[in-house]
Amino acid sequence: MTSAEACLRDVERHFHQILDELHTWQGALTEQFESGPVTAAMATAAIAVRVIDFLDGPHHLVGGGFVAARNALADKPLYLAWWQGDDRRLLAEPTLTATETFDYTRRPWFANPQLTGHPHLTGPYVDFVCTDEYTVTTTAPVIVDGRMVGVVGADTLVETLEGMLLPGLRAAGATLVNEYGRAVVSADPHVGPGDRVEAGRETLPCSGLPLGLVIH
């Protein structure tokens, strides 16, 4: 296996493990919503143990949780339950009202799953809501009776991906790019997260993910 192929396998393993776990959170929340009206506390409790256990695992994630669609909950027009940081503290937004300016439903990590009905990888971007660092957010829709009631998701810091991938990327002379051709992690020290990367002599796609390796 070449260095580039090994990098691809590492990327695929990391994000597919996240997607597999998000599927279990989707199931728990779907069951909750199918049983009747759901409050913010009920939605939080439905996945709390699962989220914390996963964040405490070997995947080096910085946060994860559930973000409700507008008016999907019985007691809050908007609400997020996101466990964050080394202490896994709950960043809940129980006081949001419909008139407040922060509308996460327009963020790509929320809007794209709502539009497509499929999981989405957003980033790299600076996450001013939670981490204030370059982040890649993996989200998946929770759909009940044909309506998206929210998304579940998890955050990976670009710094984490750098630690995981840089040795192999340097050996391969490659850059990991997103579906828009923007760098996530690069062997080139002059290429930062979000920089547009020109096509190289070869691009290797990641299986089932909107990511690929550009070989320079």
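Let me begin by describing the structure that accompanies this report.

Criteria and cut-off values
Per-chain numbering applies: the sequence of each chain, read as written, is numbered from 1 onward. Only residues with pLDDT of at least 70 get local features here, since the model is predicted, and only at 80 or more are side-chain atom pairs given and counted; chain-wide, interface and lining totals rely on the full set of residues. With hydrogens and water stripped out, all remaining heavy atoms of the structure feed into the side-chain values. When DSSP finds at least two bridges between two strands, those strands are taken to pair. For the purposes of this entry, the term helix denotes a DSSP run of H or I that reaches at least four residues, the term strand denotes a run of E that reaches at least two, and both are numbered from the N terminus. All axes here are fitted lines through C-alpha atoms, helices being fitted over the stretch that makes contact, and every angle between N-to-C directions spans 0 to 180 degrees. When two rings of Phe, Tyr or Trp (its six-membered ring) have centres within 6.5 Å they constitute a pair, described as stacked for plane angles under 30 degrees, edge-to-face for angles over 60, and tilted for the intermediate range. In these notes, a set of buried Ala, Val, Leu, Ile, Met, Phe, Trp, Tyr and Cys residues joined through side-chain atoms within 4.5 Å is what counts as a nonpolar core. When accessible area is computed with a 1.4 Å probe and restricted to protein chains, residues below 20% of their type maximum are described as buried, those above 50% as exposed, and intermediate ones as partly exposed. The criterion used for residue contact is that any of the two residues' heavy atoms lie within 4.5 Å. The arc under discussion is defined with respect to the helix axis, by the directions toward the C-beta atoms. Under this definition, polar contacts are N or O atom pairs within 3.5 Å; protein pairs additionally need one hydrogen-donor-capable and one acceptor-capable atom, and for neighbouring residues in sequence, both atoms have to be side-chain atoms.

## Quick word on the sheet that holds strand E4 (residues 120-126)
Okay, step 1: Pairing within the open sheet is antiparallel, and its six strands lie in the order E3-E2-E1-E6-E5-E4. The sheet is open, and its two borders are formed by strand E3 (89-92) and E4, each paired with just one other strand. Shown here is a sheet whose adjacent strand axes are inclined to one another by a mean of 20°, direction ignored.
Okay, step 2: Two elements, strand E2 (residues 80-84) and E3, share four bridges in a ladder whose sense is antiparallel. Each bridged residue has a counterpart across the sheet, and for Gln 84 the counterpart in E3 is Arg 89.

## Side note on the packing of aromatic side chains
Okay, step 1: Tallying each qualifying case throughout the model produces five aromatic pairs.
Okay, step 2: Every member of this aromatic cluster is reached through a ring pair, and the members are Tyr 104, Trp 109 and Phe 110.

## A short note on the nonpolar core
Okay, step 1: Ranked by size, the top nonpolar core spans 65 residues in total, and within it Phe 15, Leu 29, Phe 33, Ile 47, Phe 66, Leu 211 and Leu 213 carry the most contacts.
Okay, step 2: The biggest single contributor to this core is helix H1 (residues 3-34), with 12 residues.
Okay, step 3: Setting aside anything within four residues of it in sequence, one finds Leu 211 in contact with Val 11, Phe 15, Leu 121, Leu 176, Val 177, Asn 178, Val 184, Pro 205 and Cys 206.

## A few points about the pairing of E2
Each regular strand shows side chains that alternate between the opposite faces of the sheet.
Okay, step 1: Within E2, five of the five residues are buried, leaving the element largely enclosed by the surrounding structure.
Okay, step 2: Both faces of E2 are covered, namely the face carrying Leu 80, Trp 82 and Gln 84 and the face carrying Ala 81 and Trp 83.
Okay, step 3: Remark: four residues form the turn of the hairpin made by E2 and E3, two consecutive strands paired antiparallel; Gly 85 in that turn has positive phi of roughly 80°.

## Here's the deal with the pairing of strand E9 (residues 202-205)
Okay, step 1: Pairing analysis gives four bridges linking E9 to strand E10 (residues 211-215), with the strands arranged antiparallel. From the neighbouring strand, Glu 202 faces E10, where its bridge partner is Ile 215.
Okay, step 2: Once E9 ends, the chain turns through five residues before running back antiparallel as E10, passing Gly 208 with a positive phi of about 70°.

## Concerning unusual backbone geometry
Okay, step 1: Residue Pro 124 follows Gly 123 across a cis peptide bond; omega there is 10°.
Okay, step 2: Position of Pro 124 among the secondary structure elements: in strand E4.
Okay, step 3: For His 60, which is not glycine, the phi torsion reads 60° and is therefore positive.
Okay, step 4: Along the chain, the position of His 60 falls in the loop between helix H2 (40-55) and strand E1 (63-68).
Okay, step 5: Among the residues examined, His 60 registers a relative accessible area of 56% and is labelled exposed.
Okay, step 6: We note that Asp 145 has phi near 55°; this positive angle belongs to a residue other than glycine.
Okay, step 7: Assignment of secondary structure puts Asp 145 in the loop between strand E5 (134-144) and strand E6 (147-157).

## A few points about the environment of Ser 35
Okay, step 1: Of note, Ser 35 is situated in the loop between H1 and H2.
Okay, step 2: By relative accessible area, Ser 35 is classed as exposed at 58%.
Okay, step 3: In this structure the C-alpha to C-alpha distance between Ser 35 and Ala 48, which are 13 residues apart in sequence, comes to 18 Å.

## A look at helix H3 (residues 108-116)
Okay, step 1: Buried within H3 we find Trp 109, Phe 110 and Pro 113. Looking down the long axis of H3, one finds its buried residues gathered within 100° of arc, a one-sided arrangement.
Okay, step 2: Among the residues trailing H3, Gly 117 stands out with phi positive, at a value near 75°.

## Some details on the environment of Val 38
Okay, step 1: Mapped onto the elements of the fold, Val 38 is located in the loop between H1 and H2.
Okay, step 2: Residue class for Val 38 comes out buried when judged on its relative accessible area of 1%.
Okay, step 3: Those residues within four positions of Val 38 in sequence are excluded, and the remaining contacts are Gln 32, Phe 33, Ala 43, Leu 73 and Ala 74.

## Some remarks on the side chain of His 14
Okay, step 1: Inspection of the secondary structure puts His 14 in helix H1.
Okay, step 2: For His 14, the side chain forms a polar contact with the side chain of Thr 156, separated by 3.0 Å.
Okay, step 3: Those residues in contact with His 14 that sit more than four places away from it in its chain are His 59, Leu 61, Thr 156, Leu 161 and Met 164.

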